[in-house]
Amino acid sequence: MTKPPRRVPAALDIYVDHDRCVGNAMCLTLAPGVFAHNARRQSEVVDPEGDAIADIIVAAENCPTAAILLSDAATGEPYEV
Amino acid sequence: MSTQAVLTDDLFAPEVIADPYTYFGALREIEPVHRNDRFGLWLVTGYEELVWILRHHELFSSAVIRHVEAPPYPPVDAADLPLFDEIRDFRANQLVEQDRPEHLHQRGVVHGYFTPKAMERWRPFVRSAVAELLDGVHAKGSMDVLTELAAPLPVRIIAEMMGVPYEDRDRLRAMADGILYINRGEPYRLRPLARAVRGIVDYASPLVRERIVDPGTDFISVLAEGENRGVFDRRQVLVNTGLLLFAGHETTMNLICNGLLAFIRNPEQWERLRADPKGMARLATEECLRYDPPVKSTQRIAAEDVEIAGRTIRKGESLRWIMAAANRDPAVFSDPDTFDIGRQPNPHLSFGSGIHYCLGATLARVEGQEVFRGLAERFSRFELATDRIEYQPSLQFRSVKSLPVRWPA
């Protein structure tokens, strides 16, 4: 079934699930202004506005373990990639 | 305590190949980072140590095949040794053997093809391939799981991903079977392996030439696009086509065989899966991956002197990280030697960790989930049709030589 096009939120809340994050670090390449490694070399959000929204969405899509969870900062509604 | 006093140093000893868990589990308790002089290897068995190593890729090179000069082991026919260099050159060009920055550029080309969302779209195809294979054997009352389910399934899926024409499937299957000799012990094994490697180059070359000018949505087109962008040369495109055929085949085979064997030996877990095949398939597959992982261990080379767990690994020395042992580290997993398909969380290391985390992990998961679900929906129980399970003599892979089973009509 085709879903209706979704509106991309104007601002995103970004959460990295550390039970899932394996430190693949693709997000650090795709959205380097937002994500950085912590001491365990898992991804952390250092600046939620550090990159364009489109880049953050691409980073979340490319997480191999789907550890990056996004939601609309205004409504709190999950934004599934 | 000296490990030599209590444990063999022969990593190919029959009892170590048959049961790596007892041996590497004992090593983990005695010395989670251990020097094996006989094979010139550091063996890393502790969970935390292993994760640390995998997340510090700059300290541990993946360019193993290029740098390790050791002759093939188990030994091969001397007359075949020239083939070893040819096969080494092929394998050394694979994505998995690269370090940054090249690894990042190359992975960047193929990474998007394998995202969780993209692989989820393959589930209906996987499910129908599983159904077709199981429908084909159901009335027989017995099968060799390896040759009749676990080996053909991933090749069908890879063939579809590569976009090879239907009439070429048998040819691809023959090449896929030939590449499996990477993991075997027969003295003649380099011959079928070299034939398969040349076969892939011959077979894929015209496919790549077509896709360079007229790309589609298949995986070879993704690699060809990488060549168009200057990331891969032609040789690397062909080599990585071969990598997909091997990496997606051997590992999935082992997941299916080792998983079903665990279910046969733990009938109460099989009944648990049967009670809710769809609902339990995801967690059950993770536990199969943890409990008896398709890949037992992988190698790295220290890029500089590194101190870990009180030992100093010198630059240039080889290490093997044994995920089969780390997956049973009691510091992380309760009752680690128990096969428990409800286990959650289950942070096993069967796909590795860090920048080299298995590219095909989601595909393997989808395949495992659909196989275990399909089996549990169709069959009330399996029993082994042999009293002896034999494994290939490999440090890297946990591969049964066959898995004959039968079931009541």
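Residues numbered from 1 in each chain as written. Chains lettered and ligands numbered in written order. Predicted model: local features only at pLDDT ≥ 70, side-chain atom pairs only at ≥ 80, totals over all residues. Heavy atoms only, no water.

## Topic: the overall build of chain A
Moving on, step 1. A tally of regular secondary structure across chain A gives 2 helices and 5 strands.
Moving on, step 2. Listing the helices and strands of chain A from first to last along the sequence gives β-α-β-β-α-β-β.
Moving on, step 3. Taking 81 residues into account, the globule formula puts the C-alpha radius of gyration at 12 Å, and chain A, at 12 Å, falls close to it.
Moving on, step 4. When the 81 residues of chain A are sorted by exposure, 40% land in the buried category. (Helix = DSSP H or I, 4+ residues; strand = E, 2+ residues; numbered from the N terminus. Rg over C-alpha atoms; globule rule 2.2 N^0.38 Å. Buried < 20%, exposed > 50% of the residue type's maximum accessible area, 1.4 Å probe, protein only.)

## Quick notes on helix α19 (residues 361–378) of chain B
Moving on, step 1. With 18 residues, α19(B) should reach 26 Å at 1.5 Å per residue; the first-to-last C-alpha distance of 26 Å fits that figure.
Moving on, step 2. Here α19(B) lies mainly inside the structure; 16 of its 18 residues are buried. (Expected span 1.5 Å × (residues − 1).)

## Points about the pairing of strand β4 (residues 68–72) of chain A
The side chains of a regular strand alternate, first on one face of the sheet and then on the other.
Residues and elements named next belong to chain A.
Moving on, step 1. A large share of β4 lies buried, amounting to 4 of its 5 residues.
Moving on, step 2. By the bridge criterion, 5 bridges tie strand β1 (residues 12–16) to β4 in an arrangement that is antiparallel. Bridge pairing links Leu 12 to Asp 72 in β4.
Moving on, step 3. Here β4 pairs with strand β5 (residues 78–79) via 2 bridges, running antiparallel. Bridged to Leu 70 within β5 is Tyr 79.
Moving on, step 4. Once β4 ends, the chain turns through 5 residues before running back antiparallel as β5, passing Gly 76 with a positive phi of about 80°. (Pairing = 2+ DSSP bridges.)

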